[in-house]
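What follows is each chain in one-letter form.
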Amino acid sequence: MPLMRAGRFEREIDCVVLDKDGTLIDHHRAWFGRYDDSVVAVAEAAGGGDALRRALYRALAIDSANRCFVADAPNKSLKIADHALMATTILHQNGSEWEAAHNIVAEHMLPRLTAPLGADAIRGIGDVGGRLRAWKSAGAQLAVVTNDNRAATLSDLHILGIDDILAAIVSADDGLP
């Protein structure tokens, strides 16, 4: 088992398990634009105005004025499907029939959020590849566990250049508990 150092601590570590967004890549850069575009498209498709957009921003913990997510919001760790349910609920609470609200979110939000990110949206936090390769060369197994969908996750990890060094990748749509 490799001996690894984190600050002043040294521990024997078999496997390092990392989240993707906010740990390996800049979460705001990767996701803010997609969520912002989704809110605008959903509100427009629902025939809503500023009040509906504000309700969606608030529910999804989006700070549209500062172009980022609310820092202490627990919903950043939710699955995309959970965010879609939240948006559907907001539309329903604002007068849309449930089925219509569901269809609007399915058509105007989910495609934006589930498509793989482009290389321009992926920015590693520090030297991700160098750091992970050093851990791997020290003998640690590496894994990524994320609430994102597998196809998008694989694309993101490939853009970061680390998809070939991971022992395991677990994503939201893998069917695991």
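What you see is a predicted model, and the numbers here were worked out from it, not measured in a lab.

Criteria and cut-off values
- Residues numbered from 1 in each chain as written.
- Predicted model: local features only at pLDDT ≥ 70, side-chain atom pairs only at ≥ 80, totals over all residues.
- Heavy atoms only, no water.
- Pairing = 2+ DSSP bridges.
- Helix = DSSP H or I, 4+ residues; strand = E, 2+ residues; numbered from the N terminus.
- Axes fitted to C-alpha atoms, helices over the stretch in contact; angles between N-to-C directions.
- Core = buried A, V, L, I, M, F, W, Y, C linked by side-chain atoms within 4.5 Å.
- Buried < 20%, exposed > 50% of the residue type's maximum accessible area, 1.4 Å probe, protein only.
- Contact = heavy atoms within 4.5 Å.
- Left-handed = near helix turned anticlockwise from the far one by under 90°.
- Nonpolar A, V, L, I, M, F, W, Y, C, P; charged D, E, K, R; others polar.
- Parallel < 35°, antiparallel > 145°, perpendicular 65-115°, else oblique.
- Polar contact = N/O pair within 3.5 Å; in protein donor to acceptor, adjacent residues only side chain to side chain.

(A) Examining the sheet that holds strand β7 (residues 168-170) more closely. Judged by pairing direction, the sheet is parallel, and its three strands sit side by side in the order β3-β6-β7 without closing on themselves. This sheet does not close on itself; its edge strands, each paired only once, are β3 (15-18) and β7. Each adjacent strand pair in this sheet contributes to an overall mean axis angle of 15°, direction not counted. Pairing between β3 and strand β6 (residues 141-145): four bridges, direction parallel.

(B) Summary view of the nonpolar core. With 43 residues, the main nonpolar core has Leu 24, Tyr 35 and Leu 132 as its most contacted residues. Counting only elements with at least two residues in this core, the list comes to β3, α1 (27-45), α2 (50-59), α3 (80-93), α4 (98-108), α6 (128-137), β6 and α7 (150-160). Not counting residues up to four positions away in its chain, the partners in contact with Leu 24 are Leu 18, Asp 19, Arg 123, Gly 124, Ile 125, Val 128, Arg 131, Leu 132, Val 144, Leu 157, Leu 160 and Ile 162.

(C) View of the environment of Ile 13. Following the sequence through the fold, Ile 13 ends up in the loop between β2 (9-12) and β3. Put simply, Ile 13 and Leu 110 are 97 residues apart on the chain and 38 Å apart in space, counted from C-alpha to C-alpha. Each residue touching Ile 13, except ones within four places of it in the same chain, is listed here: Met 1, Pro 2, Met 4 and Ala 140.

(D) Seen up close, the packing of α2 against α3. Look at α2 against α3: their axes get within 10 Å of each other, and the N-to-C directions meet at 145°. Crossing hand, α2 versus α3: right-handed. Together, Leu 52, Ala 55, Leu 56 and Ala 59 of α2 and Met 86, Ala 87, Ile 90 and Leu 91 of α3 make up the contact between the two elements. Broken down by class, the residue content of the contact of α2 with α3 amounts to eight nonpolar, no polar and no charged.

(E) Highlighting the packing of α1 against α4. Interhelical geometry of α1 versus α4 gives an angle of 140° and a closest axis separation of 9 Å. Judged by the inter-axis angle, α1 sits oblique to α4. For the pair α1 and α4, the sense of crossing is right-handed. Residues Ser 38, Ala 41, Val 42 and Ala 45 of α1 lie in contact with α4, whose contacting residues are Ile 104, Val 105 and His 108.

(F) A look at unusual backbone geometry. Residue Ala 61 is not a glycine yet carries a positive backbone phi of 60°. Even without being glycine, Arg 67 reaches a positive phi, approximately 50°.

(G) Here's a closer look at the side chain of Asp 148. With respect to the secondary-structure elements, Asp 148 resides in the loop between β6 and α7. One polar contact links Asp 148 to Lys 20, side chain to side chain, over a distance of 2.7 Å. Apart from residues no more than four positions distant in its own chain, Asp 148 is found in contact with Lys 20, Asp 21, Trp 31, Thr 153, Ser 171 and Ala 172.

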